[in-house]
Amino acid sequence: MTSTRRRDTIDREAVVAHPGAASLIGPDPRSSPPSGRIRRLAHALRQHRVIYLLLLPGMLYFLAFHYVPLAGVSIAFMDYSPFLGLGGSTWSGLDNFVKLFDDPEFVGTVRNTLVISFLQIAFAFPAPILLALLLNSLLSERMKRMVQTVVYLPHFLSWVIVIAVWQQVLGGAGALADLFQRLGFDSVNVMANAETFKILLTSQVIWKDVGWGTIIFFAAIAAIPTQLYESAAVDGAGSLRRAWHITLPGILPVMVLLLILRLGNVLSVGFEQILLQQPSVGADAAQVLDTFVYFRGVLGGDWGIGAAAGLLKGAIGTLLIVAANRIARRAGSEGLF
């Protein structure tokens, strides 16, 4: 420590005695004024202004619709009234959270949300991975492109159209019910069966988004060196062994990253999809956190309870992302951050 201070003193004395030596020693980072950092930032903005202009619409979107609305989180701690506003409503502390956990409907809502989320993670999440591996093993490029095109199309349909299509096939007046009647069996209405509703939701998610999800995994597979496949084929490895020992390890970082992001939305299981089908099966089977906030807060006017449920959902999602990222990094993966 003493030698470092002595060297800094000698350098400053040399600069005073010989001003030209300042260019050799360089500026002291501890004495860099804030105005210097501002000038460097301004220079970077001018130099890369086109890139920052391209980023500006996205930044404004997140600022307007994700950060500014965070001020409404305070509603969860208020006896909020829209007529009084944030400034006129009285603070209630944690009363809304106490009422929330004492509400039997909320307990059933959390149970439905967790069950549906578990089914989607267990079946809908690996579906694009399996499809990408299957298509990657096809030898015919023409067949591969045709299958990709067919499975991509449902992603571009809205949930209104998707549910209408499923209603025409599995509904009480759909093709399946008509087939059962022609064969002499009782008519079936899969779309109105509360017992299988959660499985139905997962099937709809797979049908709609499995093709779109394969895009990311195809990009990850394309980054794997082809020499690995060629060497494995020379050694006698079949397609299954090449997929298990080469393809899966190659796309593992992408799988971990997407799984971490999926855990952050573990309590979001599709608002539009469930809202459109809830009248057919009832609230006991189709009430989730998103619809609970909508019906209780927006339509019911109980803004404090709705805001408390939304805040709790966001906090749990954040904790899950941080925990999953830490576990992934300890396991040797890069993680999300």
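Going by the structure above, here's the rest.
Reading the values: the criteria
- Position numbers for residues count from 1 along each chain, tracking the sequence in the order it is written.
- Reporting in this predicted model follows two pLDDT cut-offs: at least 70 for local features of residues, and 80 or more for side-chain atom pairs to be given and counted; totals over whole chains, interfaces and linings ignore these cut-offs and use all residues.
- Calculation of side-chain values draws on the structure's entire complement of heavy atoms; hydrogens and water are dropped beforehand.
- For this analysis, a salt bridge means a side-chain nitrogen from Lys or Arg found within 4 Å of a carboxyl oxygen belonging to Asp or Glu.
- Working definition: helices are DSSP H or I runs of at least four residues, strands are E runs of at least two. Numbering for both runs from the N terminus.
- Any residue under 20% of the maximum accessible area for its type is buried, any over 50% is exposed, and the rest in between are partly exposed; the area is computed with a 1.4 Å probe on protein chains only.
- Patches in this entry comprise residues that are over 30% relatively accessible and not in a salt bridge; like charges within 9 Å are linked, as are nonpolar side chains (Val, Leu, Ile, Met, Phe, Trp, Tyr) within 5 Å.
- In short, Shrake-Rupley with a 1.4 Å probe defines the accessible areas, and a residue's cover is counted only from the protein chains shown.
- Throughout, a residue-residue contact means that at least one pair of heavy atoms, one from each residue, lies within 4.5 Å.
- Any pair of Phe, Tyr and Trp rings, taking the six-membered ring for Trp, is counted once the centres come within 6.5 Å. Such a pair is stacked with planes under 30 degrees apart, edge-to-face with planes over 60 apart, and tilted for the rest.

A. Layout of the pattern of salt bridges. Applying the stated criterion to the full structure yields five salt bridges. When the shortest N-O distance is used, the salt bridge between arginine 296 and glutamate 105 registers 2.9 Å. Taken as a pair, arginine 296 in helix α17 (residues 289–299) and glutamate 105 in helix α7 (residues 104–124) lie far apart in primary sequence, 191 residues in all. In this structure arginine 296 comes out as partly exposed when scored by relative accessible area, which is 21%. For glutamate 105, a relative accessible area of 35% translates into the label partly exposed. Here aspartate 178 ties to arginine 182 by a salt bridge, and the two come within 2.9 Å at their closest N and O atoms. Of this pair, aspartate 178 and arginine 182 are both found in helix α11 (residues 175–182), four residues apart, which corresponds to roughly one turn of the helix. We classify arginine 182 as exposed; its relative accessible area is 68%. Salt bridges here are not isolated pairs; linked through shared partners, they connect Asp103, Glu105 and Arg296.

B. Local environment of a nonpolar patch on the surface. Together, Leu53, Leu56, Leu60, Tyr61, Phe62, Leu63, Phe65, Tyr67, Val68, Leu70 and Val73 give the surface a local cluster of nonpolar side chains, amounting to about 1,100 Å² of exposed area. Assignment of secondary structure puts leucine 60 in helix α4 (residues 49–67).

C. Quick peek at the side chain of glutamine 278. Locating glutamine 278 in the fold gives a position in helix α15 (residues 271–281). Once residues lying within four places of it in the same chain are set aside, the contact partners of glutamine 278 are Ala283, Ala286, Gln287, Thr291 and Phe295.

D. Structural view of the packing of aromatic side chains. Summed over all chains, the structure comprises 11 aromatic pairs. Between phenylalanine 271 and tyrosine 294, the aromatic rings sit 5.5 Å apart at their centres with planes inclined by 70°, giving edge-to-face as the arrangement. Within this pair, whereas phenylalanine 271 is found in helix α15, its partner tyrosine 294 is found in helix α17, the two being separated by 23 residues in sequence. With relative accessibility at 24%, the residue phenylalanine 271 sits in the partly exposed group. By relative accessible area, tyrosine 294 is classed as partly exposed at 28%. An aromatic cluster is built from Tyr61, Phe62 and Phe65, whose rings are joined through pairwise contacts.

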